[in-house]
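Coordinate analysis (summary)
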Amino acid sequence: LCVWFFFLLLQVLNEKKLQEVDSLWKEFETPEKANKIVKLKHFEKFQDTTEALAASTALVEGKLSKNLKKILKKIVAKDAHEQLAVADAKLGGVIKDKLNLSCIHSPMVTELMRGIRSQIEGLITGLPSREMAAMCLGLAHSLSRYKLKFSPDKVDTMIIQAISLLDDLDKELNNYIMRCREWYGWHFPELGKIITDNLTYCKCVQKVGDRSNFASSDVSDILPEEIEEEVKAAAEISMGTEVSEEDINNIIHLCDQVIEISEYRTQLYDYLKNRMMAIAPNLTVMVGELVGARLIAHAGSLLNLAKHPASTVQLLGAEKALFRALKTKRDTPKFGLIYHASLVGQTNTKNKGKISRMLAAKTALTIRYDALGEDTSAEMGAENRLKVETRLRLLEERGMRRISGTGKALARADKYQNKSEIKVFDPSGDSTLPAVSKKRKIQEVEEQDAEVAVKAKKFKAEMK
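Analysis parameters
Residues numbered from 1 in each chain as written. Predicted model: local features only at pLDDT ≥ 70, side-chain atom pairs only at ≥ 80, totals over all residues. Heavy atoms only, no water. UniProt positions renumbered as here; feature names shortened; annotations may be inferred. Axes fitted to C-alpha atoms, helices over the stretch in contact; angles between N-to-C directions. Helix = DSSP H or I, 4+ residues; strand = E, 2+ residues; numbered from the N terminus. Parallel < 35°, antiparallel > 145°, perpendicular 65-115°, else oblique. Contact = heavy atoms within 4.5 Å. Nonpolar A, V, L, I, M, F, W, Y, C, P; charged D, E, K, R; others polar. Disulfide = S-S within 2.5 Å. Buried < 20%, exposed > 50% of the residue type's maximum accessible area, 1.4 Å probe, protein only. Phe/Tyr/Trp six-rings, centres within 6.5 Å; stacked < 30°, edge-to-face > 60°.

Looking at an unreviewed UniProt entry, one finds the chain named Nucleolar protein 58 and attributed to Syrrhaptes paradoxus. The Sequence similarities (unreviewed entry) field of the UniProt record for the chain holds the comment "Belongs to the NOP5/NOP56 family."

Now the structure itself:
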């Protein structure tokens, strides 16, 4: 069964040659050889492109279209004992269930389909090659447009592009701000130490310009009163060099660019946040919109991310470190992009691995729920986040309850034992012997031996 701009049903004439899969391509080298293997059984052309597109999309999705069902019903009525070779096993299962027609799918069928495609013009008479090429091209374009239009991953593309642009904007902003501070720092170096916020710094430079204008300028809408007074005082005694008006204009233009990009970045972040809450609400609740968007971008789509196990989700973004550790036989990394999640960030260093592993397991569940589930609420994500937070609190409390002195063993609750209030007689008080240990120290033994030797020498001397 083949589909182009028509349904084409071919009958196999010599089944013995089909058993040799490796050499089957030789039987389709020429149209004459191909006609000895298969012959035309049924031919039905589509009325227009719309009908061909509907039949093609149904076959791609593994479904049985109405036209194909009618054709196969005729075959069942005539040749019910025959087997139908299909290239898609899923489609073969649908045909078998609905029409009770025996279907086969094997490497032999794949080679047979490849041979039929190569010699299709010789198997069908009365169809010019130009018309065949035009029909194939038209159907291919229509099918591509349909897939692009109804692609379930097309919304993920917006998230991937947004997070990539957000990262690019952050890099550009850092470069611009660094250049602005360094450039204006030659003129007024003290301002950089007083104002630490980058956006406030650029707004202040944009409004005032030359440092000599700070004394007469009102920047109370940008700076607090205390900092404003400190800036004005520093401007009067500044050690910076004098610059021309053209230099100041260029610096102000750079500040305009920084402010515009910062405002657009804020707008883009809000857009990304809303998109993530609409497409993957549970994932957003678990790890945040930025980490969730980076995971989706790294995997390619939300559906691809849902196919990953929890262990892969945990290490996404740390592939180089993983393979380097495997190559050098060292410890493998414990986290990748998931390290930037707030739950991992608020954990102490010792428990980061445990929390990242548990967070990855719960995150994998929420991803599959968002990708394949029909519900759009974020209740599941909130429940799983609560479980991870409870586990985190438990680990931190266990870490604080240590036995003093060792610092290693965990505090354990001893078993309850009932203690009697009745006093018992202690027989150890009856002994009158001094409590001296049986084992003497080596030093004491040596001292006693020395005393005995001295006494022996004295005794010998007296005897003489």
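Re the packing of helix 12 (residues 245-279) against helix 14 (residues 289-299)
The N-to-C vectors of helix 12 and helix 14 enclose an angle of 75°; their axes lie 10 Å apart at closest approach. Taken together, helix 12 and helix 14 sit at an angle that is classed as roughly perpendicular. Contacts between helix 12 and helix 14 involve Tyr-269, Leu-272, Lys-273 and Met-276 from the former and Glu-289, Leu-290, Gly-292, Ala-293 and Ile-296 from the latter. A per-class count over the contact of helix 12 with helix 14 returns six nonpolar, one polar and two charged.

Observations concerning the state of the cysteines
A covalent bond between the sulfur atoms of two cysteines is referred to as a disulfide. Scanning the entire structure with this criterion turns up zero disulfides. Sulfur of Cys-204: no disulfide; nearest cysteine sulfur belongs to Cys-255 and is 9.6 Å away. By relative accessible area, which is 0% here, Cys-204 ends up buried.

Description of the packing of aromatic side chains
According to the stated counting rule, one finds three aromatic pairs in the structure shown. A centroid spacing of 5.4 Å and a plane angle of 65° characterise the contact between Phe-188 and Phe-214, whose relative ring orientation is edge-to-face. Linking Phe-188 in the loop between helix 8 (154-185) and helix 9 (190-194) with Phe-214 in the loop between helix 10 (198-208) and helix 11 (225-236), this pair joins segments that are 26 residues apart in sequence. The class for Phe-188 is buried, based on a relative accessible area of 0%. For Phe-214, a relative accessible area of 2% translates into the label buried. With 4.8 Å between their ring centres and 40° between their planes, Phe-335 and Tyr-339 make a pair best called tilted.

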